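# A closer look at the structure
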Amino acid sequence: MDINIQNKVAQWLNGNYDAETVATLKKMQAENPDDLTDAFYRNLEFGTGGLRGIMGVGTNRMNKYTVGMATQGFANYLKESFQGEIKVALAHDSRNNSRFFAETAANVFAANGIKVYLFESLRPTPELSFTIRHLNCQGGVVCTASHNPREYNGYKAYWNDGAQLVPPHDKNVIREVEKITSPDEVKWTGGEANITIIGKEVDEAYLQELQSLSINPDICKQQHDLKIVYTPIHGTGITMVPEILKRYGFTNVNIVEEQATPDGNFPTVVYPNPEESEAMNLGLKKAKAIDADILLGTDPDSDRVGIAVKNLKGEWTLLNGNQTAALLFNYIIEQRKEKGLAKPEDYVCKTVVTSDLIDVFAAKNNITCYNVLTGFKWIADLIRRKEPQERFICGGEESYGYMIGRNVRDKDAVSSVAMICEMAAVARSNGKSLFEQLIDIYIKYGYYLEQLISITKKGMKGADEIAEMMRGYRENPPATINGSKVVTIYDYQLQQIKDIATGDIQPIDLPKSNVLQFLLADGSKISARPSGTEPKIKFYFSVNEPLASAADFDAVTARLEQKISGIISDLGLK
């Protein structure tokens, strides 16, 4: 075992850690040395989703001590950054230990003299983002692991604009945390009077904010009987989604009862993630049974939403995140234009691995579309840098996250569900389904088909393998992929765009990130990126061609799917 790992384990065995933690460590030493290595080979770091890991003992695990030390470091940095009274807001999802972690963080903040607003019970992550701005807080935390499997939990840290931490704050907080070498340096108790429990009043303000985003409230009321099926997948969505749909005017909302109760064991699914078809199976069953118009599912902390609609053959199909983003962006852009709400300073924003179809129709509608790194913290960072000269309308990423308006600075499945249902109501009032609306977009702007492959590589060995894969692509990039020449390479780590034919290099004006993109002569695009929150490397594939009519949809789909299959095979990823 590495000497650094041995030293960390010794510190925990001999330090001021509770008896249960020490006993667990001794058992791991005797019976599971590999697990012990994985639990201590690194410290949890803030990635695209903050602090996130498997629950258990160790520096690479979510537990009372990693949460307490992270909070002490965050508290120290807040006190260093702000003068006068400092306030933070705290929330949590339905995961096991989330309430315990939230209360632990609340006690540490409070013991450091910081005013704490703690939600009385579970709430969606986007409501926490809203609350920071609403209560003029300097920071905030939500305890959640979003859509990860049940053994995970996490700690998302937020700044005073309601957005997750970006440089330099994220690294500065980590540095403060790393200064704390013992739980003895954490102020665990003593400031309980600084904690205020919040609930209904903030809920009401949040719901009113989301209601104000509606573009066609009259049509929602006309189409109030739109048959909606909704599943919160055992998460926080049950607290807000039914209510916002009611306020938008929808009266025919059908909850998937088997998944309505918040439960950190997620008993009906393997992964509580609407990106996974398995998580949506019960919802699809109900949608088919009642012949619904639309199915929507949100993840445990209600920042991601997946939807299903009927295709041209009347069969239920799950839309991917790029398709939903294309529908949502297009709806908001076109409806604002039609209603006379559009302004020259309006813009939309997406991540670099999200469908380029959005760039295409944004340009055709004379609206700027900015591209940022993966993670909504970068969209929020852009909003902060662009205001007040430019006006953010909506943002999104392919992994089922969307953000509408400027007063929630993280992806928000609650507002997205409401706007998607409004979009479906408007389409219905025009005699169309959402799928037909999507086909119309493809005919008008081009058919873009995307696919994602995630390869899991666990532990220290897996992290090395992922690093080696990226190094190989960077140092020895392919000349052709699936018979098409690589014409441009975007390297976000080196912050440069290289034209292969001329050797010309242009800068990328974004922070460094371990992302590579290969653009091919036939218009295909392949992106490779290690996940910031899971032990995975992700490959994104995008292909496109014109679509002349709805009658050609199946044939063009088959060609595009074959092209993606060829790319995957050529890269040896099957």
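Residues numbered from 1 in each chain as written. Predicted model: local features only at pLDDT ≥ 70, side-chain atom pairs only at ≥ 80, totals over all residues. Heavy atoms only, no water.

What follows is about the side chain of Asp38. Residue position: Asp38 is located in helix H3 (residues 33-40). A polar contact of 2.8 Å, which involves the side chain of Asp38, links it to the side chain of Arg61. Not counting residues up to four positions away in its chain, the partners in contact with Asp38 are Asn60, Arg61, Gly459 and Met460. (Helix = DSSP H or I, 4+ residues; strand = E, 2+ residues; numbered from the N terminus. Polar contact = N/O pair within 3.5 Å; in protein donor to acceptor, adjacent residues only side chain to side chain. Contact = heavy atoms within 4.5 Å.)

Another point: the side chain of Thr21. Looking at the secondary structure, you find Thr21 in helix H2 (residues 19-31). Sequence-distant contacts of Thr21, defined by excluding residues within four places in its chain, comprise Trp12, Val57 and Tyr65.

The next thing to look at is the pattern of salt bridges. Any two side chains of opposite charge can pair, so long as their charged atoms come close to each other. Evaluation of the coordinates by the stated rule reveals 32 salt bridges. Here Asp203 makes a salt bridge to Arg123, at a shortest N to O gap of 2.9 Å. Of this pair, Asp203 sits in helix H8 (residues 200-211) while Arg123 sits in the loop between strand E3 (115-119) and helix H6 (125-134), placing them 80 residues apart in sequence. Judged by its relative accessible area of 10%, Asp203 is buried. By sharing partners, the salt bridges in this structure join Lys156, Asp301, Asp303, Glu397 and Lys411 into a single network. (Salt bridge = Lys/Arg side-chain N within 4 Å of Asp/Glu carboxyl O. Buried < 20%, exposed > 50% of the residue type's maximum accessible area, 1.4 Å probe, protein only.)

Moving on, we get to the packing of helix H1 (residues 3-14) against H2. Following both chains from N to C, one finds H1 and H2 inclined at 140 degrees, their axes separated by 9 Å at the closest point. One element, H1, and the other, H2, form an angle in the oblique class. Relative to H2, the crossing made by H1 is left-handed. Contact residues: Val9, Trp12 and Leu13 in H1; Thr21, Val22, Leu25, Lys26 and Gln29 in H2. Of the residues contributing to the contact of H1 with H2, the split by class is five nonpolar, two polar and one charged. (Axes fitted to C-alpha atoms, helices over the stretch in contact; angles between N-to-C directions. Parallel < 35°, antiparallel > 145°, perpendicular 65-115°, else oblique. Left-handed = near helix turned anticlockwise from the far one by under 90°. Nonpolar A, V, L, I, M, F, W, Y, C, P; charged D, E, K, R; others polar.)

Glancing now at the sheet that holds strand E8 (residues 253-255). With mixed pairing, five strands are arranged side by side in an open sheet as E8-E7-E9-E10-E11. Every interior strand has two partners, whereas the edge strands, E8 and strand E11 (316-318), have only one. Between one strand axis and the next, the sheet turns by 25 degrees as a mean value, whatever way the strands run. Most of the contacts of helix H16 (residues 434-445) go to strand E10 (residues 305-310), to which it runs at about 95 degrees, and overall it touches strand E9 (294-298), E10 and E11. (Pairing = 2+ DSSP bridges.)

The strands that make up a sheet pair up through hydrogen bonds in the backbone, lying either parallel or antiparallel. Reading across the sheet, the six strands line up as E1-E5-E4-E2-E3-E6 and stay open at both edges, with mixed pairing between neighbours. On the outer flanks of this sheet lie strand E1 (51-54) and strand E6 (195-198), each paired with one strand and no other. Taking the axes of each pair of neighbouring strands and ignoring which way they run, one obtains an average angle of 15 degrees across the sheet. Strand contacts of helix H5 (residues 98-111): strand E2 (87-92), E3, strand E4 (139-143), strand E5 (152-159) and E6, with the helix running at about 170 degrees to E2, the strand carrying the most contacts.

Relative to the assigned elements, Glu390 resides in the loop between helix H14 (376-386) and strand E14 (391-397). Separated by 43 residues in sequence, Glu390 and Tyr347 have C-alpha atoms that sit 7.1 Å apart. If we skip the residues at most four places from it in the chain, Glu390 touches Glu345, Tyr347 and Tyr370. Of the polar contacts made by the side chain of Glu390, one reaches the side chain of Tyr370; its length is 2.7 Å.

A word on the environment of Leu118. Relative to the elements of secondary structure, Leu118 occurs in strand E3. A residue is classified by how much of its surface remains accessible, and Leu118, at 4% relative accessible area, is buried. Measuring from C-alpha to C-alpha, the distance between Leu118 and Val142 comes to 9.9 Å, with 24 residues separating the pair along the chain. Apart from residues no more than four positions distant in its own chain, Leu118 is found in contact with Leu90, Arg99, Ala102, Glu103, Ala106, Ile195, Thr196, Ile197 and Ile198.

The description of two aromatic rings rests on the distance between their centres and on the angle between their planes. Considering all chains together, one arrives at 19 aromatic pairs under this definition. Each ring, one from Tyr65 and one from Trp188, has its centre 6.0 Å from the other, and the planes form 85 degrees; the classification is edge-to-face. Taken together, the residues Tyr65 in helix H4 (residues 64-81) and Trp188 in the loop between helix H7 (169-178) and E6 connect sequence positions 123 residues apart. Tyr65 gets classed as buried once you look at its relative accessible area, which sits at 5%. An aromatic cluster is built from Trp12, Tyr17, Phe40, Tyr65 and Trp188, whose rings are joined through pairwise contacts. (Phe/Tyr/Trp six-rings, centres within 6.5 Å; stacked < 30°, edge-to-face > 60°.)

Right, let's talk about unusual backbone geometry for a bit. A cis amide bond, omega 5 degrees, links Pro167 with the succeeding residue Pro168. Counting through the fold element by element, Pro168 comes out in the loop between E5 and H7. In this chain, Glu387 is followed by Pro388 through a cis amide linkage whose omega measures 5 degrees. Within the secondary structure, Pro388 sits in the loop between H14 and E14. Residues other than glycine seldom take positive phi values, yet Ile233 does so here, at roughly 45 degrees. Relative to the helices and strands, Ile233 resides in the loop between strand E7 (228-231) and helix H10 (241-247).

Another aspect to go through is the packing of helix H12 (residues 321-338) against helix H13 (residues 357-364). Contact geometry for H12 and H13: axes closest at 10 Å, N-to-C directions at 15 degrees. By the angle class used here, H12 and H13 are roughly parallel. Remark: the crossing between H12 and H13 carries right-handed chirality. Packed against H12, whose contacting residues are Ala325, Ala326, Phe329, Asn330 and Ile333, the element H13 presents Leu357, Ile358, Phe361 and Ala362 at the interface.

Attention shifts here to the state of the cysteines. In the structure shown here, the tally under the stated rule is zero disulfides. Among the cysteines around Cys143, which has no disulfide bond, Cys137 carries the closest sulfur, lying 15 Å off. Owing to a relative accessible area of 1%, Cys143 belongs among the buried residues under this scheme. Between Cys421, a free cysteine, and Cys220, which holds the nearest cysteine sulfur, the sulfur-to-sulfur gap is 8.5 Å. (Disulfide = S-S within 2.5 Å.)

A separate point is the nonpolar core. Leu296 and Phe541 are the most contacted members of the largest nonpolar core, which has 93 residues in total. The biggest single contributor to this core is helix H15 (residues 413-429), with 12 residues. Discounting chain neighbours no more than four positions away, the residues touching Leu296 are Ile228, Val229, Tyr230, Thr231, Met280, Val305, Gly306, Ile307, Val417, Ile420 and Cys421. Within the second largest apolar cluster, 31 residues are counted, among which are Val67, Ala70, Phe82 and Ile86. (Core = buried A, V, L, I, M, F, W, Y, C linked by side-chain atoms within 4.5 Å.)

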